Amino acid sequence: MAGEALEGVRVVELADRLGEFCGRLLAGLGADVIKVEPPGGAPSRRIGPFYEGRPGPERSLHFWQYNLGKRGVTLDLGNAGGRDLLRRLVGSADVVLESYPPGHLDGLGVGYRDIAEERVVWLSMTDFGQGGPYREWQASDLVHLALGGQMAVCGYPAGDDGHDTPPIAPQMDQAEHIASNQACTDLLAALFERGLSGRGQYIDFSVHSAVGACSEFHLSTYLVSGKVASRGGTTSLTGAVDRDGVPVVTQPALFPGEWERIAEMLAEDEDLRYVLEPEFADPVQRMTAAVQDRLQEAQRTWVSRRRAEEVFHLAQRRGVAWAPVRKPHASLTDEHFLMRGTFSEVAHPELGRSLTYGTTPWVSPEMPWRTGPRAPLPGEHNEAVYGALGLTPEELAELGAAGAI
Amino acid sequence: LGVTLNMRHPKGKDLFRRLLPLADVVTDNYTATTLEDWGFGFEAMRAINPRIIYVQSPGFGKLGPYRDYRSYGPLAAAVAGLTEMSGLPDRLPCGWGFSYLDVVAPWYISLAVLAALNRRQRTGTGVHVDLSQVGPGFLLSGTAILDHAAHGRVYQRTGNRSPDRPAAPHGAYRCKGYDRWIALACFDETQWQALVRLMGDPSWAADPRFATLEARCANQDALDAEVEAWTRTQERYELMGRLQAAGVPAGVVQDASDRAERDPHLRARGFFAEVDHSEIGRHVVEGVPGQWSRTQPHPEGPIGRGAPCYGEDNRRVYGGLLGLTDDEIDALAAEEVI
């Protein structure tokens, strides 16, 4: 039996750039996500890039990317009529996802304790959580990746005189991705638990903590052994570039059998047959600096004679885990990802065209991923959503005249 | 819980067959067809347990021509475009200093499992999910794919700068000490003026090149040099406190020891949790990012322990759950079934 995971689940989202990606994931899983914006539109509509380079609330690619699949209503939280509407809307909700500063909604009388019924799962996502010494601090994607430990290990290795380049923050809102991925998991877990207990709950979610929990083994290694990793030490990016300058990831052999496959591949080039010597085959000797230098030289030479995409398939067909460093869009035409439905064309009727989004992390005909429609226009679904709550067109007109929506 | 099981042995298959009716979920990250080759593809498992949820996560996924391609975290990030997006514009990408997709892909496994459990609560049926390590990466490249679709633009990295949400200064700046850094960002005039006051109203800050956000963005190399000349005289944590008190977004570039020893906020939030390990004893691990009002999750899970040792729970599972006697379990161990 086919069916979206969250069919029939309603999410009311009062989130900005911090939590919008979480709402988008819930929409992808089939929830009816209603994004609540202030009249005039959410602040994230002012984040670029913009369609054809011209800013405007209906032109933000950032907003489109993170609000795919949602419906949109407007209401003014500074207006009593607006707050009353929010109360009614939350009354119809299973989940509330909000990212206002700590205590903001409570101060307006529309916080969790004020308006949520017991069955509601409510997640407040803030930079540092609702309590703790940094509660009032300001953050951004960059600041989170600094505090969270990502930057400390991302960058270029030190030279003889130390580091001449700064720690690097990987780009494109990764802190928000990291937080939203975990928040979405939390919401799904709380919804499942509600299915057993019949009760919702409140989750005070801190982006700082979420990002702090995303450094693979770096923190746990320190906690157990006291060791701290240096930055720029990635063993898979060793400077190998193809004949056009495209970098290639040359994953080192980690498991039995992998080295032999790498060596046979490199030895296809007569002048690189020295990698078949015994000092390379011995896994301990292979890790010594002298042998590593010669090995990496061989890998760089082998890669530099070919094209990165050719290296990808030559290596992988031999069972060697190497791959090109692709541009983000480069897989759009790749037959593998097309067959898996990784990308989707989403119609933008206002533009008279459709645009391609990365939409679908898994293949499951029985539990498909929803891939549209395009992000809502400001207040696009006011009539449909508020009408379904029982408001008449006259009442809506009055609320509009009063500036409540 | 952790058990050992030889899935190539007929008696191993039999044990697995007996475990399946007790299970809600099967997950694996073997190659795409391993479980199937052992006789436990989704349909076979579903025949034994109609409510079973099976989430598999081979490197590139099961469907498609790259089914047998291999992946590690750094490789998945490279294919998805995330490696390209990290680094200075005039150098090769530096990528991620850890396996980002080794962390992210398991989140999507959890997401798929929980999504399927919610779905099963409604429909009563299980599902098969063909996930991959690479696939979730395409959701994490921000607007790069959309920008290419809309404008044909090819993504260009800009180091630590913020091209889509204009800010300057915006980057990591050297502080007092060896390889000590602070990240700071000024998105608006208020934040910039607060920074200027903290720096002691230096004369260079009045330069027309830095008069507006637009001008500061256009002259970031010069701006960064001036800001760093100041930050390098400052102690990083003390500076972070002063910047935050003045309303400037700032954070020390913390390494693992900093997060464990010098982040009072993580500690106050109960971020660090203790778990028991049967050999190394009680030790500290990363906790969970949320504080829940009713059912607070804990890394120890319902069994109240950290990671299992090899085969640690063989008796508990094969004896307690399947009802095998100690003698039967010993015999299976002697036959190398478990």
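Just so it is clear, the model here is predicted, and its values are computed rather than measured.

Cut-offs used in this document
- Residues numbered from 1 in each chain as written.
- Chains lettered and ligands numbered in written order.
- Predicted model: local features only at pLDDT ≥ 70, side-chain atom pairs only at ≥ 80, totals over all residues.
- Heavy atoms only, no water.
- Helix = DSSP H or I, 4+ residues; strand = E, 2+ residues; numbered from the N terminus.
- Rg over C-alpha atoms; globule rule 2.2 N^0.38 Å.
- Buried < 20%, exposed > 50% of the residue type's maximum accessible area, 1.4 Å probe, protein only.
- Contact = heavy atoms within 4.5 Å.
- Areas by Shrake-Rupley, 256 points an atom, 1.4 Å probe, with all protein chains shown as cover.
- Lys, Arg positive; Asp, Glu negative; His and termini not counted.
- Charge placed at Lys NZ, Arg CZ, Asp CG, Glu CD.
- Buried area = accessible area lost by both parts, 1.4 Å probe.
- Salt bridge = Lys/Arg side-chain N within 4 Å of Asp/Glu carboxyl O.
- Polar contact = N/O pair within 3.5 Å; in protein donor to acceptor, adjacent residues only side chain to side chain.
- Pairing = 2+ DSSP bridges.
- Right-handed = clockwise from strand over helix to strand, strands pointing away.
- Axes fitted to C-alpha atoms, helices over the stretch in contact; angles between N-to-C directions.
- Parallel < 35°, antiparallel > 145°, perpendicular 65-115°, else oblique.
- Left-handed = near helix turned anticlockwise from the far one by under 90°.
- Nonpolar A, V, L, I, M, F, W, Y, C, P; charged D, E, K, R; others polar.
- pLDDT = per-residue confidence, 0-100.

Draft legend 1. Spatial organisation of the overall build of chain B. Summing up its helical and strand segments, chain B has 14 helices and nine strands in all. What you see for chain B is a C-alpha radius of gyration of 26 Å, clearly larger than the 20 Å of a compact globule of 338 residues, by over 25%. If you line up chain B on its principal axes, its C-alpha atoms span 85 × 50 × 40 Å. Per-residue burial for chain B yields a buried fraction of 57% across its 338 residues. For chain B, the share of sequence-separated contacts (at least 6 apart) that also reach a separation of at least 24 residues comes to 62%. As displayed, chain B has an accessible area near 13,900 Å², and 50% of this comes from carbon and sulfur atoms. Charge separation in chain B, taken as the distance between the mean sites of 36 positive and 42 negative side-chain charges, equals 3 Å.

Draft legend 2. Summary view of the interface of chain B and chain A. Each partner contributes residues to the interface: chain B has 137 residues there, and chain A has 152 residues. At the boundary of chain B with chain A, total buried surface from both sides reaches about 12,400 Å², with 64% on carbon and sulfur atoms. At the boundary of chain B and chain A, one finds seven salt bridges. Note that Glu84(B) and Lys327(A) form a salt bridge whose closest N and O atoms lie 2.9 Å from each other. At the surface where chain B touches chain A, the tally comes to 65 residue pairs in polar contact (both at pLDDT 80 or more). It is helix 5 (residues 100-123) of chain B that contributes the most residues to the side of chain B that touches chain A, 18 residues altogether.

Draft legend 3. Geometry of the pairing of strand 2 (residues 32-37) of chain A. Residues and elements named next belong to chain A. Of all the six residues making up strand 2, five are buried; the element is thus mostly covered by neighbouring parts of the structure. Pairing analysis gives four bridges linking strand 2 to strand 3 (residues 71-74), with the strands arranged parallel. Its bridge partner being in strand 3, Glu 37 is matched across the sheet by Thr 74. With helix 2 (residues 61-66) bridging strand 2 and the parallel strand 3, this β-α-β connection has right-handed handedness.

Draft legend 4. Structural view of the environment of Pro208(B). Among the secondary structure elements, Pro208(B) is positioned in the loop between helix 7 (189-198) and helix 8 (213-218). Once the C-alpha coordinates of Pro208(B) and Arg262(B) are considered, the two residues, 54 residues apart in sequence, prove to be 39 Å apart.

Draft legend 5. Inspection of the side chain of Asn181(A) at higher detail. In this fold, Asn181(A) is placed in helix 8 (residues 174-197). Asn181(A) gets classed as buried once you look at its relative accessible area, which sits at 2%. The residues touching Asn181(A), leaving out its near neighbours within four places in the chain, are Phe21(A), Leu25(A), Val104(B), Trp107(B), Tyr108(B), Leu111(B) and Leu140(B).

Draft legend 6. Spotlight on the packing of helix 1 (residues 20-28) of chain A against helix 8 of chain A. All names here are of chain A. Here helix 1 crosses helix 8 at 45 degrees, and the two axes come no closer than 8 Å. Here helix 1 is positioned oblique relative to helix 8, judged by the angle of their axes. Handedness of the helix 1/helix 8 crossing: right-handed. Note on element contacts: helix 8 touches helix 1 through His 177, Ser 180, Asn 181, Ala 183, Cys 184 and Leu 187, opposite Phe 21, Cys 22, Leu 25 and Leu 26. The class makeup of the residues in the contact of helix 1 with helix 8 is seven nonpolar, three polar and no charged.

Draft legend 7. Fine view of unusual backbone geometry. Residues and elements named next belong to chain A. For the bond running from Gly 48 to Pro 49, omega is 0 degrees, close enough to zero to count as cis. You can see Pro 49 is positioned in the loop between strand 2 and helix 2. Look at the link from Gly 372 to Pro 373: it is a cis peptide, with omega at -5 degrees. Following the sequence through the fold, Pro 373 ends up in the loop between strand 11 (362-363) and helix 17 (382-388). The phi dihedral of Asp 173 is positive, around 60 degrees, even though this residue is not glycine. Along the polypeptide, Asp 173 turns up in the loop between helix 7 (150-153) and helix 8.

Draft legend 8. Region of interest: the pairing of strand 2 (residues 53-56) of chain B. Residues and elements named next belong to chain B. Alternating positions in strand 2 separate into two faces, Ile 53 and Val 55 on one and Tyr 54 and Gln 56 on the other, with burial throughout. Pairing between strand 1 (residues 25-28) and strand 2: four bridges, direction parallel. Its bridge partner lying in strand 2, Val 26 is registered against Tyr 54.

Draft legend 9. Spotlight on the confidence of the model for chain B. When pLDDT is averaged along chain B, the result is 96; 100% of the residues meet or exceed 70. Of the two predicted TM-score estimates for the complex, the pTM is 0.97 and the ipTM is 0.97.

Draft legend 10. Molecular detail of the environment of Arg18(B). All names here are of chain B. Summarising the element assignment, Arg 18 is placed in helix 1 (residues 10-19). The spacing of Arg 18 and Leu 322 is 304 residues in sequence and 7.3 Å in space, taken between C-alpha atoms. Apart from residues lying up to four places away in sequence, Arg 18 is in contact with Leu 322 and Leu 324.

Draft legend 11. Up close: the sheet that holds strand 2 of chain B. Taking strand neighbours across the sheet as the criterion, the four strands line up as 11(A)-3(B)-2(B)-1(B) in an open arrangement whose pairing is mixed. Both outer strands of the open sheet, strand 11 of chain A together with strand 1 of chain B, are each paired with one neighbouring strand and no more. By the bridge criterion, two bridges tie strand 11 of chain A to strand 3 (residues 128-131) of chain B in an arrangement that is antiparallel. Looking at strand 3 of chain B, one finds that Val363(A) is bridged to Asp130(B). On top of the sheet, helix 5 of chain B reaches strand 11 of chain A together with strand 1, strand 2 and strand 3 of chain B; it is set at about 165 degrees to strand 2 of chain B, its chief contact.

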